[in-house]
Amino acid sequence: MTTVNNFLTCKATNYYGKAPKDNVLAREIDKKPTPRVEKIRERYFDAKSSASMQFPYWYTRRWNELEGEVAMVRRAEALKSGFEHLSPAIFPGELLVMQKAEYLRGSYPMPWLSESFFLAKEDEIYKEALEAGKVSSDEVTTMGQGGGNVTKSAGNIVSIAGKFGMRKEEIPALIATSKRWHNKSVDDVGHKYEQMVPGYDTKEEIMRAVICMFDSGYTLPQGREVMNYYYPLQYGINGIIDICKSKLSDSAGFPEMDRIYFFKAVETTLYGIQTWIKNYAKEAHLLADLEKEEKQKAEYLEIAERLEWISENSPRDFRDALQLVWTFHVAVLNEDAISGLSPGRLGQVLYPYWKKDMDEGKIDEKQTLELLEAMRMKFTEIDVFASMGVVGGVLSGNTFNNLSIAGLDKDGNNAANDLEMLIMESAMTCDTPQPTLTMLYDEVTPEEFLLKGIETTKIGTGYPAWVNNRVAMEFVMQNFKKEGMDLEEARAWAIGGCLETSAGSWMPLEFNGETHYIPGGSAPATSVGVHFISVPKILEAVLFDGLDRRTGIRVYPAHGKKLETYEEVWDTFKEYFSLTVEVLTLTNNIQHDLWGKISPSIVNSMLKPDCLETGKDISRKGSRYNRTFNVEVSGGVNLANSLASLKKNVYEEKNFTLDTLRDAIDDNFGFFTAQETGSYSLIEQVKKDKSDKWLKIHSQCIDAPKYGNDDKFVDDIFRDWQIWFSEMCEGYKSLYDEPLYPCQISVSTHAPMGAVTLATPDGRLSGTTFSDGSVSAYPGTDKNGPYALFNSATCYNHSLSQNSQLNMKIHPSVVKGRDGSKKFLEMIRAYLRKGAFHAQFNIVDSRMLKEAQEEPDNYRGLMVRVAGFTQYWVELGKQIQDEVIARTEYEEI
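Residues numbered from 1 in each chain as written. Predicted model: local features only at pLDDT ≥ 70, side-chain atom pairs only at ≥ 80, totals over all residues. Heavy atoms only, no water.

Side note on the pairing of strand S19 (residues 629-634)
(1) Moving on: With 6 of 6 residues buried, S19 is to be regarded as a mostly interior element.
(2) Moving on: Going residue by residue along S19, you find Phe-629, Val-631 and Val-633 tucked away on one face and Asn-630, Glu-632 and Ser-634 tucked away on the opposite face as well.
(3) Moving on: Relative to S19, strand S16 (residues 528-534) runs parallel, the two being bridged by 5 bridges. Each bridged residue has a counterpart across the sheet, and for Gly-529 the counterpart in S19 is Asn-630.
(4) Moving on: Alignment of S19 against strand S20 (residues 741-743), held across 3 bridges, turns out to be parallel. The residue of S20 that forms the bridge with Asn-630 is Tyr-741. (Buried < 20%, exposed > 50% of the residue type's maximum accessible area, 1.4 Å probe, protein only. Helix = DSSP H or I, 4+ residues; strand = E, 2+ residues; numbered from the N terminus. Pairing = 2+ DSSP bridges.)

Take a look at the structure:
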């Protein structure tokens, strides 16, 4: 068998430095959770992702009863009914309670957003849905076959989306409820009106070709943002209800009557949330009555008392505050299909309560650590119900709850605190995917705090990610300046989702006789808009005159150009890319407008400044900052490498003609496709025969300059792409009449998008994954060490974009011990001081990952960093597993 590795004399090696020869090296740090939380984690490992029909049934039933009611109030009544009818489920040993559904890993469909996916395949409506381009990404996505994914139906359980299990007896309710939303859901109504957009047919072909991953208006309309917990912490639920009543009486009969409906909707929904909390309190009392063990009985009674208190009042202490913020976090998740709902700088929000309890001796560090571990388990149990293309191809089963630490306070001083030190410790003792951590690195952050972050990173989970606080502040000041953003407010930013820079505000929390300015999100979803454009696939369309060669379908109007110069290729790419953004922006604006009309946010709107002040929900620009629509791309490094190969091989050195390259691409340079071999990284591809027909051309494509080596030839091309991309986004506007901005994270899209893309001029083969992130080198092509990669990555201004994303894999031996930690920190500092935005690391021996791929049952708790998030290895699809294994492993830094 001839593979790329031996066929090209190891041109795509996995290692920088000497490859390890000793036994597989385990991670240096291996800590354990408290016995209580260890039992909870084992229970989680045994659980499966499960779907329930409780909430959608009662939501839909109440919605149908209120035909003719004002849409906002009708939505609130439906949410209220859903919350009131959720069955409470409290598991033994839990310190924090409340969850999305009655199952440990529970979630549920939301057919008011999109119902077609949930209908049975034999159903006529589902068959209609199959004709739309939106399902194409499902067909090229692989799901992880282990862990909690229900990949196949068995017994009484039906597998949905290759991840969720639903009891057979609930399927009729799923179908019946979904049919009630036919032609009424955000998806269906949006589809009706987006057909009026000029270029709609092109949009549909773009979706079928998986040049765009999914429509954001009905798929994940909220998320990729930072929560704001201020209002429930400051006022309690009864206090917010009183605010609504007061504003209702002040607003009646005056202009902007929608204010009345908004305040009434908030009040109504909060009554439902109160009942939901009190139902859990009743369950805790019931369990206490049944419990014979005195310690567990006392814990149930304590839970019941706390829930009864926070169902009406603001918190008294740290435990109250933690339970309250968790409750509202889940409440927001229950109103929409959401990924990336981040708790933000939670350690700074909760610090006043924790500090008071510590000073008064009500809690100690050991008890705090156990509570924080319990919190990690609750976040990890969150599931989001969506299609396979979204859950697998974008999210990899992850929900991106990002907890930010450090940064600056309101006055520009270091914001890191002792509670955040314990948050990092809990991430080591209870190493779970959620919440992931992000270090807001600043030059004033204390050295010991940063070294604690390094110690946490070395456990191998990939968190905290390291981001440049000053670069992010520069971005939010530029982006939200028109809406009043200033330097002080910019300091309140945090990461929303896996890596989305999100605007925040300082909120005056009155507690214990003092005013504490706590940070919280003050913008809606910061990553809605055009979701994930495959730039290598667009280049493919340029080379083949607008055709998708995989399907033979025309996606773009034929350009008819001979492409006789490099400039002509680049200009044509820009034309196709701009057309893509144009048609997707127009249709996306319709979807989001209808989302705000059919399924507006009520809970999240109530929490975000300044919706309660203005009486407007987030879909009507009630938030303080609203310029949050973006254009997301995947495969930018492959684009630059491919353009470099074209420029060098075809136009400058004339090593082969463009027609010859097209033939080679069509024949996949003589290799089987990734789909045929079942391997998705370049180094494991197999030749079809012993012919050397394309050997020379493929070698020249691979030998062309590659990004990540401090090579001016290709880095200039990459910089030109970055600058043009940032500028072109300004020419397109959201439905709020605000310019778009660039967002550059791959999440997991580099796998399914790579799966539908032919071989590319850089030597990548058909069906293999793209480069991950946005400034990561393509696996095996960064040959000159980390600092050369850093120079390539910082060839442009990172504050032009919402983010950049760099993933690196380092062997554990390189960063071992205190000296290794300091060397590691200095490397990160050197990169961020060059103006970089982000870096994250897998500290792992690649041979361990290969073993885990072959024997997944032996590695249930193994986690890796993918692209902005951490996930259990066994719950990742093989496409992503192969890509992570193939990343360059650094044996020297």
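Now, onward.
Examining helix H19 (residues 447-457)
(1) Moving on: With 8 of 11 residues buried, H19 is to be regarded as a mostly interior element.
(2) Moving on: Residues of H19 that are buried include every one of Phe-449, Leu-450, Leu-451, Lys-452, Gly-453, Ile-454, Thr-456 and Thr-457, and no others.
(3) Moving on: Looking at the buried side of H19, the elements it contacts are strand S9 (402-406), helix H18 (418-429), strand S10 (436-441), strand S11 (465-468), helix H33 (817-833) and strand S22 (838-843). (Contact = heavy atoms within 4.5 Å.)

Comments concerning the packing of aromatic side chains
(1) Moving on: In the structure shown here, the tally under the stated rule is 39 aromatic pairs.
(2) Moving on: With centroids separated by 4.5 Å and ring planes inclined at 15 degrees, the aromatic side chains of Phe-164 and Phe-385 adopt a geometry described as stacked. In this pair, Phe-164 sits in strand S5 (residues 164-167) while Phe-385 sits in the loop between helix H16 (365-380) and helix H17 (388-391), placing the two residues 221 residues apart along the sequence. Accessibility classification places Phe-164 together with Phe-385 in one group, the buried group.
(3) Moving on: For the ring pair Phe-573 and Trp-721, a centre distance of 6.0 Å and an interplane angle of 75 degrees mean the geometry is edge-to-face. With Phe-573 in helix H23 (residues 566-598) and Trp-721 in helix H30 (residues 712-729), the pair connects residues that are 148 residues apart, well separated along the chain. (Phe/Tyr/Trp six-rings, centres within 6.5 Å; stacked < 30°, edge-to-face > 60°.)

Thoughts on the environment of Thr-677
(1) Moving on: Positionally, Thr-677 belongs in helix H28 (residues 674-677).
(2) Moving on: For Thr-677, a relative accessible area of 29% puts it in the partly exposed group.
(3) Moving on: Between the alpha carbons of Thr-677 and Gly-767 there is a distance of 9.9 Å; along the sequence they are 90 residues apart.
(4) Moving on: Those residues in contact with Thr-677, other than ones at most four positions away along the chain, are Phe-672, Gln-685 and Val-686.

A word on the sheet that holds S20
(1) Moving on: In space, the 4 strands of this open sheet follow the order S6-S16-S19-S20, with mixed pairing throughout. On the outer flanks of this sheet lie strand S6 (212-215) and S20, each paired with one strand and no other. Between one strand axis and the next, the sheet turns by 25 degrees as a mean value, whatever way the strands run. (Axes fitted to C-alpha atoms, helices over the stretch in contact; angles between N-to-C directions.)

Looking at the side chain of Lys-452
(1) Moving on: Within the secondary structure, Lys-452 is located in helix H19.
(2) Moving on: Sequence-distant contacts of Lys-452, defined by excluding residues within four places in its chain, comprise Lys-31, Met-421, Met-424, Glu-425 and Met-428.

Considering helix H22 (residues 535-543)
(1) Moving on: Of all 9 residues that make up H22, 9 are buried, and the element is covered over most of its length.
(2) Moving on: Backbone geometry just downstream of H22 places Asp-545 in the positive-phi region, at approximately 60 degrees.

A word on the nonpolar core
(1) Moving on: Counting residues in each nonpolar core, the largest one holds 263 residues, and the members touching the most others are Phe-577, Phe-669 and Trp-721.
(2) Moving on: Among the elements that take part in this core, helix H12 (residues 258-290) stands out by supplying 14 residues, more than any other.
(3) Moving on: Residues contacting Trp-721, with those up to four places away along its chain left out, are Val-535, Trp-570, Phe-573, Phe-577, Val-633, Gly-636, Leu-639 and Gln-744.
(4) Moving on: Among the nonpolar cores identified, the runner-up in size contains 8 residues, and Ala-51, Ile-160, Ala-161 and Leu-174 belong to it. (Core = buried A, V, L, I, M, F, W, Y, C linked by side-chain atoms within 4.5 Å.)

So, unusual backbone geometry
(1) Moving on: The omega angle of the peptide bond from Gln-434 to Pro-435 is -15 degrees, so this bond is cis rather than trans.
(2) Moving on: Cis peptide bonds are those with omega within 30 degrees of zero, and the linkage from Tyr-463 to Pro-464 qualifies with 0 degrees.
(3) Moving on: Mapped onto the elements of the fold, Pro-464 is located in the loop between H19 and S11.
(4) Moving on: Phi at Leu-563 takes a positive value of approximately 55 degrees, unusual for a residue other than glycine.
(5) Moving on: Following the sequence through the fold, Leu-563 ends up in the loop between strand S18 (553-554) and H23.

Some words on the confidence of the model for the protein chain
(1) Moving on: Taken as a whole, the protein chain shows an average pLDDT of 91; of its residues, 93% reach a score of 70 or greater.
(2) Moving on: Within the model, pLDDT remains below 50 along residues 5-13, and this stretch shows 23 contacts once partners closer than five positions in the same chain are excluded.
(3) Moving on: Across residues 124-132, where pLDDT falls below 50, the model places 19 contacts with residues more than four positions away in sequence or in other chains. (pLDDT = per-residue confidence, 0-100.)

What to know about the pattern of salt bridges
(1) Moving on: Considering all chains together, one arrives at 62 salt bridges under this definition.
(2) Moving on: Between Glu-169 and Arg-167 there is a salt bridge, and its shortest N-O distance comes to 3.3 Å.
(3) Moving on: Measuring nitrogen to oxygen at the nearest pair gives 2.5 Å for the salt bridge that ties Arg-470 to Asp-442. A residue pair is termed long-range when its members are at least 10 positions apart, and Arg-470 in helix H20 (residues 469-479) and Asp-442 in the loop between S10 and H19 qualify at 28 residues.
(4) Moving on: Classification of Arg-470 by relative accessible area gives partly exposed; the value is 45%.
(5) Moving on: Since its relative accessible area comes to 1%, Asp-442 is described here as buried.
(6) Moving on: Each of the salt bridges in this network shares a partner with another, and the network as a whole consists of Glu-194, Lys-203, Glu-204, Glu-205 and Arg-208. (Salt bridge = Lys/Arg side-chain N within 4 Å of Asp/Glu carboxyl O.)

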